[in-house]
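# A closer look at the structure
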Amino acid sequence: MTIGVLALQGDFREHAAVLRALGADVSFVRRPEELAVIDGLVIPGGESTVMDKLSRAYGLADPLKAAVHAGLPVYGTCAGLIMLADTILDGIDGQQGIGGLDIAVRRNAFGSQTASFETDLHIPVIGDTPVHAVFIRAPIVETVGPAATALASVADGRCVAVEQGNLLGTSFHPEMTGEYRFHEYFLAKVAATRFRA
Ligand code: GLN
């Protein structure tokens, strides 16, 4: 399987390393034609406003929207989750995303004082061992629409991981902590989907 990693900005190298360790072929995606060779795509953490601007400047945003709509499996972490949300709260003026997940996410929702923190999460679909989750200026999933499923929440109940058909998103960064189970879960989704543009 060839997994694309959106490599416009952010921690795409960390995602590539995890995917390669799991045996996937990795192909960095910066241009629309590079979508043709991938079976799934990871959108990394970073800065969603920058990814949005660059993806539009490179002519990638519309083909990517079409691919997501057609069933391309996509996993987004943090900024990547923001890119996949149908509604972005506290975005900058004119900020757009790719969309696809029936959710509203609020950017930088943990505020500046607790902008970064780590915690252990119990996430049944990932397994019994808790997930050590790192949050860096992370978004919260404020609303989960009927088409999406919440997978995990922090102690106060706010949602931080979701799934919807071909799409998976987490507010935190498994790629930074040696946590491979989300990528494994995503690769299983890709194998089950068998998508090609
Ligand atoms: N706050 C960033 C944004 O709005 C996301 C941070 C991250 O990806 N770690 O895109």
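Definitions and limits used
- Residues numbered from 1 in each chain as written.
- Predicted model: local features only at pLDDT ≥ 70, side-chain atom pairs only at ≥ 80, totals over all residues.
- Heavy atoms only, no water.
- Near = heavy atom within 4 Å.
- Polar contact = N/O pair within 3.5 Å; in protein donor to acceptor, adjacent residues only side chain to side chain.
- Areas by Shrake-Rupley, 256 points an atom, 1.4 Å probe, with all protein chains shown as cover.
- Nonpolar A, V, L, I, M, F, W, Y, C, P; charged D, E, K, R; others polar.
- Salt bridge = Lys/Arg side-chain N within 4 Å of Asp/Glu carboxyl O.
- Helix = DSSP H or I, 4+ residues; strand = E, 2+ residues; numbered from the N terminus.
- Buried < 20%, exposed > 50% of the residue type's maximum accessible area, 1.4 Å probe, protein only.
- Expected span 1.5 Å × (residues − 1).

Lining the immediate surroundings of the ligand are Gly45, Gly46, Glu47, Ser48, Cys78, Ala79, Ile82, Arg107, Asn108, Ile136, Arg137 and His173. At a separation of 3.0 Å, a nitrogen atom of the ligand approaches a polar side-chain atom of His173. Contact with the protein chains hides 98% of the accessible area of the ligand, taken as 300 Å² for the molecule alone. Of the residues belonging to the shell around the ligand, the class tally is 4 nonpolar, 5 polar and 3 charged.

Turning our attention to the pattern of salt bridges. Inspection of the entire model under this criterion finds 9 salt bridges. A salt bridge links Arg106 to Asp90; the nearest nitrogen and oxygen atoms lie 3.1 Å apart. You can see Arg106 sitting in strand S6 (residues 101-106) and its partner Asp90 sitting in the loop between strand S5 (85-89) and S6, a full 16 residues away along the chain. With relative accessibility at 25%, the residue Arg106 sits in the partly exposed group.

The subject of this paragraph is the environment of Val37. Of note, Val37 is situated in the loop between strand S2 (25-29) and strand S3 (40-43). Of the residues examined, Val37 reaches a relative accessible area of 42% and is grouped as partly exposed.

Right, let's talk about unusual backbone geometry for a bit. Despite not being glycine, Cys78 shows a phi value in the positive range, around 55°. Of note, Cys78 is situated in the loop between strand S4 (74-77) and helix H4 (79-84). Of the residues examined, Cys78 reaches a relative accessible area of 4% and is grouped as buried. Despite not being glycine, Asp90 shows a phi value in the positive range, around 60°. Given the relative accessible area of 48%, Asp90 is considered partly exposed.

With that settled, the discussion passes to helix H5 (residues 181-193). Under the 1.5 Å per step criterion, the end-to-end length of H5 is 18 Å for 13 residues, consistent within 8% with the ideal 18 Å. Taken as a whole, H5 has its buried residues at Arg181, Phe182, His183, Phe186, Leu187, Lys189 and Val190. The first or second residue beyond H5 is Arg194, which carries a positive phi of 50°.

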